[in-house]
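So the chains spell out like this:
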Amino acid sequence: MLLDDILAFNEKFVEEKGYERYVTDKIPNKRAVIFTCMDTRLIELLPQALNLKNGDVKMVKNAGAILKDPYDSVMKSILVAIHALQADEVFVIGHHRCGMTGLESDGFVELMKERGIDQTAIDRLDKAPEEWLNGFEDVNDSVKQSVQTIENHPLLPADVPVHGLVIDPKTGKLDLVQKGY
Ligand SMILES: [Zn+2]
């Protein structure tokens with residue numbers, strides 16, 4: 001089982017002081033917060049491609065790097081990074097071939113049903129699936145929208161630049177969508 005494997009590995013990791021090269025503190029050395037996608041291909045690639053080490057940035061992730069709701073936990077995390085942890089620059093990084101491209105709530109609900117979720121549970125939701133379970137059509141547009149949500153936030157200091165980028169999940173190449181300076 002994965003959990004058992006993880007726990008066994010972890011015991012050795014700590015015992016052999018595998019952590020020593022990662023020791024740092026909670027203030028981001030590069031004074032930045034990155035908001036990106038949870039995609040598996042980006043776990044190591046993104047930090048490597050951007051020359052980021054442990055301790056360099058605050059990293060916030062969700063499916064698709066989608067931020068539309070200025071009161072959700074992503075925006076809260078970004079505000080914490082800025083106001084409590086000294087970040088003074090924001091990077092929104094979407095990526096090509098994202099799983100959220102073309103994801104529509106209808107199809108998503110069908111997948112849930114196949115997984116055993118019944119219609120009554122869907123009917124009882126406070127928010128209909130089409131209001132919150134969609135992806136996006138174009139990653140550039142989606143990045144722009146996330147940037148805009150952050151930029152327009154009343155609690156974002158005026159001197160904090162918000163950049164928008166798209167990364168290639170294979171090569172790590174970055175394309176600039178919007179420069180915040
Ligand atoms: Zn993605």
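Residues numbered from 1 in each chain as written. Predicted model: local features only at pLDDT ≥ 70, side-chain atom pairs only at ≥ 80, totals over all residues. Heavy atoms only, no water.

**Student:** So what about the layout of surface pockets? Which residues, and what values?
**Tutor:** Space inside the largest pocket adds up to approximately 470 Å³. Secondary-structure elements contributing two or more residues to the lining of the largest pocket are α2 (42-49) and β2 (57-62). Ranked by residues supplied to the lining of the largest pocket, first place goes to α2 with four residues. For the lining of the largest pocket, the residue count by class is nine nonpolar, four polar and seven charged. The space that makes up the second largest pocket amounts to roughly 410 Å³. Around the second largest pocket sit 15 residues that line it, and Ile66, Lys68, Trp132, Leu133 and Asn134 are the ones nearest its centre. Sorting elements by how many residues they give to the lining of the second largest pocket places helix α6 (residues 129-132) first, with three residues. Partitioning the lining of the second largest pocket into residue classes produces seven nonpolar, two polar and six charged. (1 Å grid on protein atoms, 1.4 Å probe; cavity = no way out; pocket = protein on both sides within 12 Å on 5 of 7 lines; lining within 4 Å. Points joined across faces, edges and corners; volume = space filled by probe spheres on them. Helix = DSSP H or I, 4+ residues; strand = E, 2+ residues; numbered from the N terminus. Nonpolar A, V, L, I, M, F, W, Y, C, P; charged D, E, K, R; others polar.)

**Student:** Tell me about the coordination of the zinc ion, and please be specific about residues and values.
**Tutor:** For a metal bound by four donors in a tetrahedral arrangement, the ideal donor-metal-donor angle is 109.5 degrees, while six donors in an octahedral arrangement ideally sit at 90 or 180 degrees. Distances from the zinc ion to its protein donors, namely Cys37 (SG), His95 (NE2) and Cys98 (SG), fall within the range 2.0 to 2.2 Å. Each donor residue of the zinc ion belongs to the same chain, and together they define the spacing C-x57-H-x2-C. Pair check on accessibility: His95 and Cys98 agree, each one buried. (Donors = N, O, S within 2.8 Å, 3.2 Å for Na, K, Ca; no water. Buried < 20%, exposed > 50% of the residue type's maximum accessible area, 1.4 Å probe, protein only.)

**Student:** If you had to explain the environment of Ile117 to someone new, which residues and values would you point to?
**Tutor:** Inspection of the secondary structure puts Ile117 in the loop between α4 (105-114) and α5 (119-123). Expressed as a C-alpha distance, the spacing of Ile117 and Lys127, which sit 10 residues apart in the sequence, is 16 Å. Apart from the residues lying within four places of it in its own chain, the contact partners of Ile117 are Met112 and Ile122. (Contact = heavy atoms within 4.5 Å.)

**Student:** Talk me through the sheet that holds strand β3 (residues 90-95); I want residue IDs and the actual numbers.
**Tutor:** Read across the open sheet, the five strands follow the order β2-β1-β3-β4-β5; overall the sheet is mixed. With one partner strand each, in any of the chains shown, β2 and β5 (174-178) form the two edges of the open sheet. Here the average twist between neighbouring strands, direction ignored, is 25°. Relative to β5, strand β4 (residues 162-167) runs antiparallel, the two being bridged by four bridges. Its bridge partner lying in β5, Gly164 is registered against Gln178. With respect to the sheet, helix α7 (residues 139-151) is in contact with β1 (32-37), β3, β4 and β5, its orientation differing from that of β4 by roughly 160°. (Pairing = 2+ DSSP bridges. Axes fitted to C-alpha atoms, helices over the stretch in contact; angles between N-to-C directions.)

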